[in-house]
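So the chains spell out like this:
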Amino acid sequence: MKNYHSKETMHFKHITLKVKNIDRSLAFYHDILKLYILEKTDNTAILSANDMDPLIYLFADQNAQQNHTLGLYHYALLLSSRSQLAHVIKRLVDAKYPLTGASDHGVSEALYLDDPDGNGIELYADRDESVWPIKNDAIDMYTIAMDVQGVLSELPQTPYVEFDKKAVMGHLHFHVPDLALSRDFYCDALGFQPILSYGGSALFLSDNGYHHHLGTNIWNRNKTLRKDGDVGLIGYTLYVPAEKTKYITDKLKNLNIPFKEKNGQIEFVDPLDQKVVISSVL
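Heads up: these notes are all about the structure in this document. Along each chain, the written sequence defines residue order, and numbers are assigned to residues from 1. Whole-chain, interface and lining totals are the exception, using all residues; otherwise, since this is a predicted model, local features are given only for residues with pLDDT of at least 70 and side-chain atom pairs are given and counted only at 80 or more. Neither water nor hydrogens contribute to the side-chain values; these are computed over all heavy atoms in the structure.

Bringing unusual backbone geometry into the picture now. Even without glycine at this site, Asn256 takes up a positive phi of about 60°. Put simply, DSSP H or I for four residues or longer makes a helix, DSSP E for two residues or longer makes a strand, and each gets a number counted from the N terminus. Considering the arrangement of structural elements, one finds Asn256 in the loop between helix 5 (245–254) and strand 17 (259–262). Each residue's exposure class comes from its accessible area (1.4 Å probe, protein chains only) as a fraction of the maximum for that residue type: buried when under 20%, exposed when over 50%, partly exposed otherwise. With relative accessibility at 67%, the residue Asn256 sits in the exposed group. Even without a glycine there, the phi angle at Asn263 is positive, about 50°. In this structure, Asn263 sits in the loop between strand 17 and strand 18 (265–269). For Asn263, a relative accessible area of 74% puts it in the exposed group.

And the structure:
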């Protein structure tokens, strides 16, 4: 299967989340999921799947509020196999951690849950692209119930001692106020390609033919942007091959979007008031 999270393809590397309490968050991310802690202070932590590369930055503010806003719907961690998905399902069930859904999307099988601050999470495993459903010569996705017992039939015999070391940030999914405007930004300025429009209420975008690196929907279209005092997604880093970065800076200039270039990276704010860092280093 093609690696859609490699140096040839744009993809999200890591995210920064605002949470209310670091210890409460680490009780979930580290104690239950078993992500590694690369660094920790009284109000910050850096989490990793492989004990080397940052995956999630946590920033705690004890006064932060949990509100329904535009912005993060969920972030999705792509696991390396169906057996790793089985492993994490059993881990969460054994820990009696609340789950919000378990779906089969044709291209993938996905488990849904929230972290202690209500930040949406998807844990998923891709099917081989040779069996991805096709409709009208394009990738199709659907939502039916996951065959949980089928997934658990591939459960590894080894005990769960760590998160999948090969896991990566598979995709992000945002609540947006308008699909057309978000398409203009994420496709025109950043260079993603539209893959699938879902009932006029969601749009899935990707690079290099993946089923999606980014989902957008208007299911919260009447909500406001996340405020600085709210928990949620503060920002994200997007890997872009070096030869494509000039395209992005040219587009940002044309759209009159302020940006700065710092330490070989491009930094700006997206339409959801989320900090974007463009990096050409994996």
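For the rest of this paragraph, the subject is the sheet that holds strand 8 (residues 120–126). Two pairing modes exist for strands in a sheet, parallel and antiparallel, and in both the strands are linked by backbone hydrogen bonds. If you walk across this open sheet you meet the 9 strands as 11-6-7-8-5-12-15-14-13, and the pairing is mixed. Edge strands, defined here as strands with exactly one partner in the open sheet, are strand 11 (144–145) and strand 13 (193–198). In this analysis, strands are considered paired if DSSP registers two or more bridges between them. Relative to strand 8, strand 7 (residues 108–114) is paired through 7 bridges, and the arrangement is antiparallel. Looking across to strand 8, one finds that Leu111 is bridged to Leu123. Running at roughly 25° to strand 7, helix 2 (residues 82–94) makes contact with strand 5 (71–79), strand 7 and strand 8 of the sheet. The contact criterion used throughout is that any non-hydrogen atoms of two residues lie within 4.5 Å. The convention used is that axes are lines fitted to C-alpha atoms, helices contributing only their stretch in contact, and that angles between N-to-C directions extend from 0 to 180 degrees.

This part covers the pattern of salt bridges. Where side chains of opposite charge bring their charged atoms close, a pairing between them can arise. Each salt bridge in this description consists of a side-chain nitrogen of Lys or Arg and a carboxyl oxygen of Asp or Glu lying within 4 Å of one another. Applying the stated criterion to the full structure yields 13 salt bridges. The salt bridge involving Lys40 is made with Asp23; its shortest N-O contact spans 3.8 Å. Highlighted residues: Lys40 in strand 2 (residues 36–40) and Asp23 in helix 1 (residues 22–29), separated in sequence by 17 residues. Taking relative accessible area as the criterion, Lys40 reaches 43% and is therefore assigned partly exposed. A salt bridge links Asp94 to Lys90; its shortest N-O distance comes to 2.7 Å. Taken as a pair, Asp94 and Lys90 lie in helix 2 at a separation of 4 residues, close to a single helical turn. One network of salt bridges, in which partners are shared, links Arg82, Asp104, Glu109, Arg127 and Glu154.

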